Amino acid sequence: QFSQLVSSDLKVLGRSSYTLCSDGQLLIRQVLHPETSKKNFLLSDCFYSFYDLRKEFHTCYPSSAAVKDQTIKSMAEYLGLGTDETEEDFGVWQVKTMVAIIFSMLSEGCNHVFTEPETVKYKYETGPCSKSETVDSETVIRARGLPWQSSDQDIARFFKGLNIAKGGVALCLNSQGRRNGEALVRFVNSEQRDLALERHKHHMGSRYIEVYKATGEEFLKIAGGTSNEVAQFLSKENQVIIRMRGLPFTATPEDVLGFLGPECPVTGGKEGLLFVKYPDGRPTGDAFVLFSCEEYAQNALKKHKEILGKRYIELFRSTAAEVQQVVLNRYMSTPLIPTLPTPIIPVIPSPYTIATGSIRDCVRLRGLPYTAGIDDILEFMGDATGDIKPHGVHMVLNQQGRPSGDAFIQMKSADKAFMVAQKCHKKMMKDRYVEVFQCSGEEMNFVLMGGTLNRSGLSPPPCKLPCLSPPAYAAFQTAAVIPAEAAALYQPQALLPTARTPQASAAAPPTVTYYPAQAAQLYMNYTAYYPSPPVSPTTVGYLAAPPGAVAAAATATHTPILPQPGALVRMQGLPYNTGMKEILSFFQGYQYAPDDYNGLIQLSDQARSVLQAPKEWVCL
């Protein structure tokens, strides 16, 4: 209606074209374009090119306030123009004042010429990015929390109204080549980037998206490439890219073209296909396909999970940055996103230990509010706080380092633990009731390994059930903290406070604290069942500390350390039904260590349980 009204007025004047002039850019870039995009409305061309009155005013009057500080009222006051804010209709006095300001700028004294309008891109342009490019860090943001199936066009639509640089959307992949819900986006200038940061926690569908600053180096790490093969593949601009996954290793270009069929012709035929291969030339089962228009790409996506040979094929929208990342980085000898944890080195033991054995002198708190802290737990315990052992409160974190809603508390005796469980069970903490169970140190370890504990008894973790092997090993990207005395032998340095010398400890006044240092918080094993917390010493065979560090720790602790690299081996690719006999038969003729570690390390039962690994995995 607005466009029709203005067009009819122009016809009366014998004109056909016009350009909008706005008070700043927010109304057009941050309101009209995002909202019409969400509602699938088409904006007239006049909203894609406009003049920013604040910028034009500062250009005409350089001594005026900075652009970001300009308002209609301040501009009018600078020119000595009066404003009538008594108009009842919303926005009328602002528009009238803007007209007076523009006429003043066009007067003979200023002769200002409106020559360079602000523009809004009609659509996002795809394209390759070279690692040799220089990317300004003031133009890059990181978007987090994206739906895994979102494409570069979806991200561009989320930032509708802002100008993204050509090829400026880079979807981040994990070490398996799958999208991890993050993307790096490069804008044409810092002004557009600053406007993008204001969309922090705006919604894409039902999910809110977090937007943070990023660096040009991070963008190039994800989007940059130097392969001639990839550059030639991406040289055809404005193409829609589809990624195919799960192809038979014997699939040929003819097989792929036949699978896609005549209803979705590939740009350039075989030249529009790019097969992804390992460094040794073996196919990975992935390929990228170019289509000249959206219609052909939509027809191809309809073939998602159709069969080629004896395998179903997955099809997804992709981007030029993803092509670069997968082809150039995903299958290099050094992965783009490292999967191995921080190297483990021995340190001086902690001054506290976690209870072991079958004495039921511990309690487990389940269902804690995620915002609950140590002080909340102590308040929840009430008078029983005095019966907690020093360093006896242990918050359990999940593998993302966030509270899991569980905590373990060591009491001074089994009777005290029983009394607490009876008194505090289902007592309210904030707006939630908390379950309290009496348990032993051994039961605590079972829970940390994935078992369950309630008033009906203890259910062992899946890795302890008969005839059940643990799933394939996967290294965790985040360094995890391990409990008890094992943590004294193996903890990442980055997570430990500086160890105090014996003299300093002796001089410190005696104090009682109810919780361990941050480094001793426990990590619940939710997603994989291991006999110890994630990235525990079961991986020591290939994450060994430098010999000097091992020797120094052995001297400091007066305790024998695990053998040097070479004494442990890890087996990959075992059949899931493999048992002890098959592994012993496989190593027939070689001498291996006995079932116990007693002859090697003098440790308590707790540390031994952490160090021991399933026999299906590790041999010594």
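Criteria and cut-off values
Residues numbered from 1 in each chain as written. Predicted model: local features only at pLDDT ≥ 70, side-chain atom pairs only at ≥ 80, totals over all residues. Heavy atoms only, no water. Helix = DSSP H or I, 4+ residues; strand = E, 2+ residues; numbered from the N terminus. Buried < 20%, exposed > 50% of the residue type's maximum accessible area, 1.4 Å probe, protein only. Contact = heavy atoms within 4.5 Å. Areas by Shrake-Rupley, 256 points an atom, 1.4 Å probe, with all protein chains shown as cover. pLDDT = per-residue confidence, 0-100. Salt bridge = Lys/Arg side-chain N within 4 Å of Asp/Glu carboxyl O. Phe/Tyr/Trp six-rings, centres within 6.5 Å; stacked < 30°, edge-to-face > 60°. Lys NZ or Arg CZ within 6 Å of the ring centre and 35° of its normal. Patch = residues over 30% accessible without salt bridge, like charges linked within 9 Å, V, L, I, M, F, W, Y side chains within 5 Å. Core = buried A, V, L, I, M, F, W, Y, C linked by side-chain atoms within 4.5 Å. Pairing = 2+ DSSP bridges. Expected span 1.5 Å × (residues − 1). Axes fitted to C-alpha atoms, helices over the stretch in contact; angles between N-to-C directions. Left-handed = near helix turned anticlockwise from the far one by under 90°. Nonpolar A, V, L, I, M, F, W, Y, C, P; charged D, E, K, R; others polar.

Engineer: Would you mind showing me how to read the overall build of the chain here?
Structural biologist: Helix and strand counts for the chain come out as 20 helices and 25 strands. For the chain, with 620 residues in total, the buried portion stands at 46%. Taking contacts inside the chain between residues at least 6 apart in sequence as the whole, the part at least 24 apart equals 73%. On the chain, roughly 32900 Å² of surface is accessible, and the fraction owed to carbon and sulfur atoms is 54%.

Engineer: Quick question: what am I supposed to make of the confidence of the model for the chain here?
Structural biologist: Of all residues in the chain, 69% attain a pLDDT of 70 or more, and the chain-wide mean is 75. Low pLDDT (under 50) marks residues 595-620, which in the prediction has 77 contacts with non-local residues, meaning those over four places away or in another chain.

Engineer: Please clarify how the pattern of salt bridges should be interpreted in this entry.
Structural biologist: Pairs can form between side chains of opposite charge whenever their charged atoms are close. Enumeration over the complete set of coordinates arrives at 23 salt bridges. Between R193 and D194 there is a salt bridge, and its shortest N-O distance comes to 3.2 Å. Look at D194 and you get partly exposed, because its relative accessible area is 38%. For the salt bridge of R366 with E435, the shortest nitrogen-to-oxygen distance reads 3.0 Å. You can see R366 sitting in strand 16 (residues 362-366) and its partner E435 sitting in strand 20 (residues 432-439), a full 69 residues away along the chain. With relative accessibility at 24%, the residue R366 sits in the partly exposed group. For E435, a relative accessible area of 19% corresponds to the buried category. Each of R29, K55, E118 and E191 takes part in salt bridges that share partners, so that together they form one network.

Engineer: What should I look at first to understand the packing of aromatic side chains in this one?
Structural biologist: The relative placement of two aromatic rings is captured by the distance of their centres and the angle of their planes. Per the stated rule, a full pass over the model turns up 9 aromatic pairs. Look at F2 and F47: their rings are 6.2 Å apart centre to centre, the planes differ by 45°, and that puts the pair in the tilted class. Of this pair, F2 sits in helix 1 (residues 2-13) while F47 sits in the loop between helix 2 (26-38) and strand 2 (49-52), placing them 45 residues apart in sequence. The class for F47 is buried, based on a relative accessible area of 12%. Pairing F57 with Y78 gives two aromatic rings, centres 5.8 Å apart and planes at 80°, and the pair type is edge-to-face. Of this pair, F57 sits in helix 3 (residues 53-60) while Y78 sits in helix 4 (residues 72-79); the two residues are 21 residues apart in sequence, bridging distant segments of the chain. The exposure class assigned to F57 is buried, which follows from its relative accessible area of 0%. Counting every residue linked through ring pairs, the aromatic cluster contains F57, Y61 and Y78. Of note, K427 hangs over the ring of F380, and the distance from its end group to the ring centre comes to 5.3 Å.

Engineer: Help me out: how do you make sense of a nonpolar patch on the surface in this one?
Structural biologist: A contiguous nonpolar surface patch, about 370 Å² in accessible area, is contributed by V95, V99, F103 and L106. A residue is classified by how much of its surface remains accessible, and L106, at 43% relative accessible area, is partly exposed.

Engineer: Would you take a moment to explain the environment of Q192 for this structure?
Structural biologist: Assignment of secondary structure puts Q192 in helix 7 (residues 190-197). Residue classification places Q192 among the buried residues on the basis of a relative accessible area of 2%. Those residues in contact with Q192, other than ones at most four positions away along the chain, are Q25, R29, G161, L162, N163 and F187.

Engineer: I'm lost on the nonpolar core in this one. Help?
Structural biologist: Buried together is how nonpolar side chains tend to be arranged in soluble globular proteins. Counting 23 residues, the largest nonpolar core has L365, L368, I377, M381, I409, V420 and V436 as its most contacted members. Secondary-structure elements contributing two or more residues to this core are strand 16, helix 13 (374-381), strand 17 (388-397), strand 18 (403-411), helix 14 (414-424) and strand 20. Broken down by element, the residue count for this core peaks at 5 residues, all from helix 13. When neighbours within four sequence positions are excluded, L368 is seen to be in contact with I377, G405, D406, A407, M429, R432 and V434.

Engineer: Can you help me understand the pairing of strand 20 in this one?
Structural biologist: Remember that side chains alternate between the two faces of the sheet whenever the strand is regular. Most of strand 20 is tucked away, with 6 of its 8 residues classed as buried. Where strand 16 and strand 20 come together, 5 bridges link them in antiparallel fashion. Its bridge partner lying in strand 20, C362 is registered against C439. Note that strand 19 (residues 427-429) and strand 20 share 3 bridges and pair antiparallel. Within strand 20, the residue paired with K427 across the bridge is V434. Here strand 19 folds back onto strand 20 in antiparallel fashion, the turn holding 2 residues, of which K430 has a positive phi close to 60°.

Engineer: How should I be thinking about the sheet that holds strand 3 (residues 118-119) in this particular structure?
Structural biologist: Think of a sheet as strands paired side by side through backbone hydrogen bonds, with each pair either parallel or antiparallel. With mixed pairing, 3 strands are arranged side by side in an open sheet as 1-2-3. Looking at strand neighbours, the two that pair on one side only are strand 1 (20-22) and strand 3, the edges of this open sheet. Judged from the 2 bridges that link them, strand 2 and strand 3 form a sheet pairing that is antiparallel. Of the residues in strand 3, the one forming a bridge with S49 is T119.

Engineer: Teacher, can you tell me more about helix 2 here?
Structural biologist: Each α-helix turn comprises 3.6 residues. Residues three or four places apart therefore point the same way. With 13 residues, helix 2 ought to run about 18 Å at 1.5 Å a step, and its terminal C-alpha atoms sit 17 Å apart, in line with that. All buried positions along helix 2 are accounted for by I28, R29, Q30, H33, P34, T36 and S37. The inward-facing, buried residues of helix 2 contact strand 1, strand 2, strand 3, helix 6 (152-158) and helix 7.

Engineer: Just to check I follow, could you spell out the packing of helix 3 against helix 5 (residues 92-106) for this structure?
Structural biologist: If you want to describe how two helices pack, look at the angle between their axes and the distance between the axes. Packing of helix 3 against helix 5 leaves a shortest axis separation of 11 Å and a crossing angle of 35°. Along this stretch, helix 3 crosses helix 5, giving a crossing that reads as left-handed. Residues L53, E56, F57 and C60 of helix 3 form the contact with helix 5, whose own contacting residues are M98, I101, I102 and M105. In terms of residue class, the contact of helix 3 with helix 5 is built from 7 nonpolar, no polar and 1 charged.

Engineer: Teacher, can you tell me more about the sheet that holds strand 5 (residues 140-144) here?
Structural biologist: Strand order across the open sheet formed by 5 strands is 6-7-5-9-8, with antiparallel pairing between neighbours. Sheet topology places strand 6 (164-173) and strand 8 (202-204) at the edges, where each strand pairs with a single neighbour. Each adjacent strand pair in this sheet contributes to an overall mean axis angle of 35°, direction not counted. In this fold helix 7 packs onto strand 5, strand 7 (179-187) and strand 9 (207-213), with an angle of close to 140° to the strand it touches most, strand 9.

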